[in-house]
2 protein chains.
Amino acid sequence: MAAHFTFTPTPASIPPSNVVYRLKDSPNASVNSHPLNPLDFILRAAQIYPDKVALVHPNVEYPVQYTFAVWAQRIQNLAYALIRAGVKPGDRVAVIAPNSPLIADAHHGVIAARAVLTPINTRLKPSEVAYILEHSGSSIILVDYEYTHLIPPGTRVPVIVSKDTGRADDPYETLLAEGRRFSEEKSWGGLVAEPDENAGAVLCYTSGTTGRPKGVITTLRGEYVELSLLLLTEVASTGLGSYLAAIANAFECQILPMFHAAGWTFPWSNVFAFAKQARFSLKLFSYSFLNVTTEDHAQDRKLHADMEPLPPFRRDTLLRSTYSPTRRLPQNVTAVIAGAAPTAHLIAELENIGFKPVHVYGLTSVTYGPFTRNYDQPHWENLSLEERARLMARQGQAFATALGVRVVLPPADDDKNPVLRDVPRDGKTVGEIVTRGNIVMKEYFRDPEATRKAFHGGYFRSGDLAVMHPDGTIAVVDRSKDIIISGGENASSLAIELELASHPHVLEVCAVARPHPKWGERPMAFVILHPQHANKWAGRHHEFAKDLKEHARTRLPGFACPEWVEVVPELPKTSTGKILKTELRKIVVKL
Amino acid sequence: MAAHFTFTPTPASIPPSNVVYRLKDSPNASVNSHPLNPLDFILRAAQIYPDKVALVHPNVEYPVQYTFAVWAQRIQNLAYALIRAGVKPGDRVAVIAPNSPLIADAHHGVIAARAVLTPINTRLKPSEVAYILEHSGSSIILVDYEYTHLIPPGTRVPVIVSKDTGRADDPYETLLAEGRRFSEEKSWGGLVAEPDENAGAVLCYTSGTTGRPKGVITTLRGEYVELSLLLLTEVASTGLGSYLAAIANAFECQILPMFHAAGWTFPWSNVFAFAKQARFSLKLFSYSFLNVTTEDHAQDRKLHADMEPLPPFRRDTLLRSTYSPTRRLPQNVTAVIAGAAPTAHLIAELENIGFKPVHVYGLTSVTYGPFTRNYDQPHWENLSLEERARLMARQGQAFATALGVRVVLPPADDDKNPVLRDVPRDGKTVGEIVTRGNIVMKEYFRDPEATRKAFHGGYFRSGDLAVMHPDGTIAVVDRSKDIIISGGENASSLAIELELASHPHVLEVCAVARPHPKWGERPMAFVILHPQHANKWAGRHHEFAKDLKEHARTRLPGFACPEWVEVVPELPKTSTGKILKTELRKIVVKL
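Reading the values: rules and limits
- Residue numbers restart at each chain and count upward from 1, following the sequence in its written direction.
- For naming, the first written chain is A and the first written ligand is 1, with later ones following in the order written.
- Reporting in this predicted model follows two pLDDT cut-offs: at least 70 for local features of residues, and 80 or more for side-chain atom pairs to be given and counted; totals over whole chains, interfaces and linings ignore these cut-offs and use all residues.
- The side-chain figures draw on all heavy atoms in the structure; neither hydrogens nor water molecules are used.
- Counting from the N terminus, the helices are the DSSP runs of H or I reaching at least four residues and the strands are the DSSP runs of E reaching at least two.
- In this scheme, a residue with accessible area under 20% of its type's maximum is buried, one over 50% is exposed, and one in between is partly exposed, where area comes from a 1.4 Å probe on protein chains only.
- Between two residues, a contact is recorded if the distance between any of their heavy atoms is within 4.5 Å.
- Multiplying one less than the number of residues by 1.5 Å gives the expected span of a helix.
- In the analysis that follows, any N or O atom pair within 3.5 Å is treated as a polar contact, provided that within protein one partner can donate a hydrogen and the other can accept it, and provided that, for residues neighboring in sequence, both atoms belong to side chains.
- The pairing criterion for strands is at least two bridges between them, as found by DSSP.
- A least-squares superposition brings the copies together, and it is based on the C-alpha atoms of residues with pLDDT no lower than 70 in both.
- Residue types Ala, Val, Leu, Ile, Met, Phe, Trp, Tyr and Cys, when buried and joined through side-chain atoms within 4.5 Å, form a set referred to as a nonpolar core.
- Should a side-chain nitrogen of Lys or Arg be within 4 Å of a carboxyl oxygen of Asp or Glu, the pair is scored as a salt bridge.
- By definition, the buried area sums, over both parts, the 1.4 Å-probe accessible area that each loses when the two are put together.
- Every angle, taken between N-to-C directions, lies between 0 and 180 degrees, and every axis is a line fitted to C-alpha atoms, over only the stretch in contact when it is a helix.
- Here roughly perpendicular refers to angles of 65 to 115 degrees, roughly parallel to angles under 35, roughly antiparallel to angles over 145, and oblique to all remaining angles.
- A residue's pLDDT is the predictor's confidence in that residue, given on a scale from 0 to 100.
- Only Phe, Tyr and Trp rings are paired, with Trp represented by its six-membered ring, and only when their centres lie within 6.5 Å; those with planes under 30 degrees apart are stacked, over 60 edge-to-face, the remainder tilted.

> Please set out the environment of R585(A) residue by residue, giving values where relevant.
Residue and element names in this part refer to chain A. Counting through the fold element by element, R585 comes out in helix α17 (residues 581-590). Assessed through its relative accessible area of 21%, R585 is described here as partly exposed. For the pair R585 and N121, spaced 464 residues apart in sequence, the C-alpha to C-alpha distance is 25 Å. When near neighbours in sequence (up to four residues on either side) are disregarded, R585 contacts K481, D482 and V512.

Spelled out as structure tokens, the structure:
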């Protein structure tokens, strides 16, 4: 779809013919070491493949398309425009935008100005955005025209609105043109290379299910290390030729929002791989879209279809079409699944239409996106789907970019010399997931106390509870606060959900503790029925509940079986797709 | 061929069932940063895929085969054995071996002992080896039984001979078993992680065509950065699905000697990708071998067929079989060509049998192997083979791991504040190739004066002369000492060789200056005839010379046309395959 429209970049977007893609050396430059910085990749892509299409923004009123040379010039213009606006090294630049050229530019242009990119989730409420703008101390705001309502009235810092047109009269384009003029054609040589690879790169805010969002700041070194290995780590070991070939060859369809943990470093790694990126909005996501997209581009390509941020109705749209064997995708596509373990259902359904599911786990921007992966083993081929699903549900083992993952008995908060002791590898003993190394965030921004707590014991403390299996794979049991204490026993809500999801008519399920006069707490399950089976139970939800409880009794200990089952049309979720158990708990206490 | 023999590793090679793949933290360990170290990858491969075959050594009297778990234990044993032998952090450990488990182990085990690997070229003379052992101050020597004659008599440091059997009575296996005992089963936790990512990793010696070999020391950071990006850099942008898929999937056939620039980091990157490595000796290399090898392994695989170190008769063996269209390789294979630009002939012949040639350029271990690549452009598809070859002969542009490549007017040696000025991008003005960044060596070992000279101007000074084309690609013109000054004009011997090689009957050609009474110097060409055409000219070399000179006159200015042409059966080369022009010059001055 990308090549079928005509578009002319603004005059300010056209690089001079004698452009040299080299930054000004920092004063401490050395011959045999240079600071790791993901900015390098746009410079070399423009140098090596100036005329290759780099960025496509289709399916909007004003579709645009930029080559690497043009895109690089726009990025440079943005850097100069920010410097002209007074942005200093280390300053924060806020961006509020869906996947679009604006936020794609910002991933490179902001760090070219040696500032810190602060991407803000477009699904937040104005009050949350106001808090983030205040806390981050952002000195300028770049915003997409569809999200100007998120800007607090009376904001004192400059606000630049992109109308997403790519035309010279667009305020964002005016900003870029001003940057170009301000550069006085000093080009890249007028911008100083950041001398410190541990300088801040991105400041993302958690969409915490409780409390104020926390600012997570990452480093240039971390982003560079993570991106250079992420693709290989995630993928090389799986033998997914199509995924790799596609990264190589061309077409990266970015569905994961770029504001989400800086798009897991894909905004830079796509450039590293000289890929053509298409910035699609999540709104467009559907199976037929996938189908069209994959058919519409070169032979080898890949869709990074991240399932996490899909609201349930999108996932439903996708899966509804799975039952026609004629509707397979034209080639295998890797579905990177995060946020929740894939169920046997989901795996079967994905495989049925040509997806290869890969399960990853991470703590959003705190770990630069995922940092563990479920590495499938050769002998799994001989297992039943359900056994395979049980193994695939584990969070697996650490990426090469992490120094490892451990499950430990957490020390007391006031322990001055904490020693982390590993739980035995028995698949039973519950401990806390911890990790460390280059892909742990620099710190919680302006929150030394939270940083100290998070790093207590010399590791990043995830707060997620897990077991370690004999083969060294970890399996998340629960967040500590989600455990259901039923008759004195600890019931893992995740384990309950996994077993309930194995019922063939369940699409999504969530279990929370509900007060019980005799047992203290008992599990209550909220279920979304699979659309293919929903009709069967219409008006008979009570019978479905009975059926599901019977299913549970064959698979769970009595204390973990749901006492109550409620069929619902949807589940409350955060803007990034996490189920808000806090909301469900508020409901159950009133029942 | 690998799986068809039975082999049992020694008892000392079997890891305990409760092995934990984690080193002891260095004292300055931090939560959110860890020193880059390619040792990490064997630990995680053994953790994630313990039972996967990691290392195969076939086609020898005692074939061996190790899984990642077993190999990791052997590496650990080696580290402890070295420590037991008194090896301290920073000490050098010499290894003299062809591609075999010994040198594969050493790439990991030596750095696990925090020592510096010193691999020695097996093709050197005993006097050269003696010099390297002396200069490096190696504190222990590990040597393959076929190369014990290279050890100077009376060597005072311990020498361990591997009989390459993998059996318990092999002296090398005895060493490993002693290491295991010495460890007292403290396993990986008894080895301290190297805290400094800039610590020395490998000390390779140049096989300089003049003078004493120089010791080139690299860093752990450099090896890690280079390896993590090398594969993608070399390959991702080319869309070579088969190459990538193969890295992912399994089978790395290592023909490049591991002693050559530490195998261009492939000894570690193969492990990173969980690949099965086969350690083949160069001696075995032939087309039928390639064919068998590629047919013998999983669907997706790749051969890293490095053409550089192939002696001419090997290359000949390979190419002799090109003319039967039925003898194509069973799938496309990437041929990474270094050391000399591929000629149109070679490209055609390689493509004809299913090789995809990729031309890279580097300065051996000084740049961790290649650091530029010829990035093929989409529009080349429409060019004639000869035009394409002319473009592919350029050395291209910098890897992502380098900070760039420049062609500059070199400052005077005594310039205290040297400023490097780029030559114009005109494809004509000759300057010196310089580069800098993470993949420039740490220094010349124990030679601060040579280091100072090599880094003069803030860049690594390659000594290679080149032009910069308008598209930013570099093309090597010559080593400064190889320029032929003919009638006052500077004739590039490389340019002459390139044009002469376009004659369809030329397999290899070398041009050097020969004194001339009138013109000062004139080019003399030494030619190896293509085996398919050699018969035609048998006994008629004089007529061939005439034919070639006519060919030259249509393509070269008069001063660059060879005045003399001599057909030879072979050319004098260094142990790494570089033509020894010094030897040819010695011949011509006597003519």
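> Before we move on, can you summarise helix α5 (residues 171-183) of chain B with the specific residues and values?
All names here are of chain B. With 13 residues, α5 extends 18 Å between its outermost C-alpha atoms, agreeing within 8% with the 18 Å of an ideal straight helix rising 1.5 Å per residue. The complete set of buried residues in α5 reads Y172, E173, L175, L176, A177, G179, R180 and S183. Check the buried side of α5 and you find it contacts β2 (64-67), α2 (68-84), α3 (101-112), β5 (140-144) and β6 (159-162). Capping of α5 at its N-terminal end is provided by D170; its side-chain oxygen lies 3.0 Å from the backbone amide nitrogen of Y172. Note on α5: the residue one or two positions beyond its end, E184, has a positive phi of about 50°.

> Any chance you could break down the side chain of H57(A) for me, citing the residues and the numbers?
All names here are of chain A. Positionally, H57 belongs in strand β1 (residues 53-57). Using a relative accessible area of 4% as the deciding quantity, one classes H57 as buried. For H57, the side chain forms a polar contact with the side chain of D164, separated by 2.9 Å.

> Could you give an account of helix α3 (residues 101-112) of chain A, with specific residues and numbers?
All names here are of chain A. The end-to-end C-alpha distance of α3, which contains 12 residues, comes to 16 Å, matching closely the 16 Å that a straight helix rising 1.5 Å per residue would cover. Within α3, 12 of the 12 residues are buried, leaving the element largely enclosed by the surrounding structure. What α3 keeps buried is the set P101, L102, I103, A104, D105, A106, H107, H108, G109, V110, I111 and A112. Of the residues trailing α3, R114 is marked for its positive phi of about 65°.

> Hey, could you go over the pairing of strand β24 (residues 506-516) of chain A for me, with residue numbers and the actual values?
Residues and elements named next belong to chain A. Burial analysis of β24 places 10 of its 11 residues in the buried class, which makes it a mostly covered element. Across 10 bridges, the pairing between β24 and strand β25 (residues 520-529) is antiparallel. Its bridge partner being in β25, P515 is matched across the sheet by E521. Between β24 and the antiparallel strand that follows it, β25, lie 3 residues.

> Give me unusual backbone geometry: which residues, what numbers.
With a phi angle near 55°, S187(A) is a residue other than glycine that sits in the positive phi range. Exposure remark for S187(A): the relative accessible area of 10% places this residue in the buried category.

> Help me get a handle on the relation of the copies chain B and chain A, residues and values and all.
Note on the copies: chain B fits chain A at an RMSD of 0.1 Å, the axial shift is 0.0 Å, and the rotation between them is 180°. Expressed as a symmetry operation, the mapping of one chain copy onto the other fits a two-fold axis. Residue by residue, 100% of the interface of chain B is reproduced at the interface of chain A, so both copies engage with the same surface.

> Which residues make up the nonpolar core, and what values do they have?
One broad trend across soluble globular proteins is that nonpolar side chains are buried collectively. Core analysis: the biggest nonpolar cluster contains 144 residues, and F68(A), W71(A), W188(A), F68(B), W71(B) and W188(B) have the highest contact counts within it. If we skip the residues at most four places from it in the chain, W188(A) touches V19(A), V20(A), Y21(A), R22(A), L23(A), K24(A), L43(A), A72(A), I75(A), Q76(A) and A112(A).

> Which residues make up the sheet that holds strand β21 (residues 474-479) of chain B, and what values go with them?
Residue and element names in this part refer to chain B. In spatial order, the strands read β17-β16-β18-β20-β21; together these 5 strands make up an open sheet with antiparallel pairing. Lying at the two open borders of the sheet, with one neighbouring strand each, are β17 (421-422) and β21. Note that strand β18 (residues 431-435) and strand β20 (residues 460-468) share 4 bridges and pair antiparallel. Along β20, the bridge assignment pairs G431 with A466.

> Go over the pattern of salt bridges, please, and point to the residues and values.
Counted under the stated rule, the structure contains 46 salt bridges over all chains. A salt bridge links K186(B) to E184(B); the shortest N-O distance between them is 3.6 Å. Exposure remark for E184(B): the relative accessible area of 61% places this residue in the exposed category. Here R585(B) makes a salt bridge to D482(B), at a shortest N to O gap of 2.4 Å. Here the residue R585(B) occupies a position in helix α17 (residues 581-590), and D482(B) occupies one in the loop between β21 and β22 (484-486), the gap between them amounting to 103 residues. One continuous salt-bridge network, built from bridges that share partners, spans E197(A), R221(A), E197(B) and R221(B).

> Could you give me a rundown of the interface of chain B and chain A, with the residues and numbers involved?
At the interface, 62 residues of chain B touch 62 residues of chain A. Contact between chain B and chain A buries roughly 5100 Å² in total, counting both sides, with carbon and sulfur atoms accounting for 53%. Looking only at chain B, the three residues that lose the most surface to chain A are V31(B), N32(B) and H34(B), adding up to 13% of its buried area. At the boundary of chain B with chain A, the tally comes to 6 salt bridges. Note that D422(A) is salt-bridged to R22(B), the shortest N-O span being 3.1 Å. At the level of elements, α1 (40-48), α6 (220-235), α7 (241-249) and β15 (397-398) of chain B are the ones that each hand at least two residues to the side of chain B that touches chain A. Considering every element that reaches the side of chain B that touches chain A, the biggest residue donor is α6(B), with 7 residues.

> Lay out the environment of P448(B) in plain terms, naming residues and giving numbers.
Residue and element names in this part refer to chain B. Locating P448 in the fold gives a position in helix α13 (residues 448-454). On the basis of relative accessible area, P448 is assigned to the exposed category, the value being 65%. When the C-alpha atoms of P448 and C561 are compared, they prove to be 42 Å apart, with 113 residues separating the residues in sequence.

> Please give an account of the packing of α2(B) against α5(B) that cites residues and values.
All names here are of chain B. The geometry of α2 relative to α5 is characterised by a closest axis approach of 7 Å and an angle of 80° between their N-to-C directions. Judged on the interaxial angle alone, α5 and α2 are roughly perpendicular. Of the residues in α5, those in contact with Q73, R74, Q76, N77, L78, Y80, A81, I83 and R84 of α2 are Y172, E173, L175, L176, E178, G179, R180, F182 and S183.

> Run through the confidence of the model for chain A, naming residues and quoting values.
All names here are of chain A. The pLDDT averaged across chain A works out to 82; a share of 81% of its residues lies at or above 70. Across residues 232-254, where pLDDT falls below 50, the model places 99 contacts with residues more than four positions away in sequence or in other chains. Considering only residues more than four positions removed or in separate chains, one finds that residues 281-326, a stretch of pLDDT under 50, has 131 contacts. Model confidence for the complex: the whole-complex pTM is 0.83, and ipTM, which rates the interface, is 0.81.

> How would you explain the packing of aromatic side chains if you had to name every residue and give the values?
The description of an aromatic ring pair uses the distance of the two centres, along with the angle that the planes make with each other. Residues and elements named next belong to chain B. In the structure shown here, the tally under the stated rule is 10 aromatic pairs over all chains. Centre to centre, the rings of F41 and Y224 are 5.4 Å apart; their planes meet at 20°, and the pair counts as stacked. A residue pair is termed long-range when its members are at least 10 positions apart, and F41 in helix α1 and Y224 in helix α6 qualify at 183 residues. Neither residue differs from the other here; F41 and Y224 are each classed as buried. Aromatic side chains W537 and F544 sit 5.4 Å apart centroid to centroid with 65° between the ring planes, which places their arrangement in the edge-to-face category.

> Give a detailed account of the sheet that holds strand β18 (residues 431-435) of chain A, specifying residues and quantitative values.
Residue and element names in this part refer to chain A. Pairing is antiparallel in the open sheet, where 5 strands are placed in the order β17-β16-β18-β20-β21. Both edges of this open sheet fall to β17 (421-422) and β21 (474-479), since each of them pairs with a single strand only. Bridge count between strand β16 (residues 405-409) and β17: 2 bridges; the pairing is antiparallel. By the bridge assignment for β17, V408 is matched with D422.

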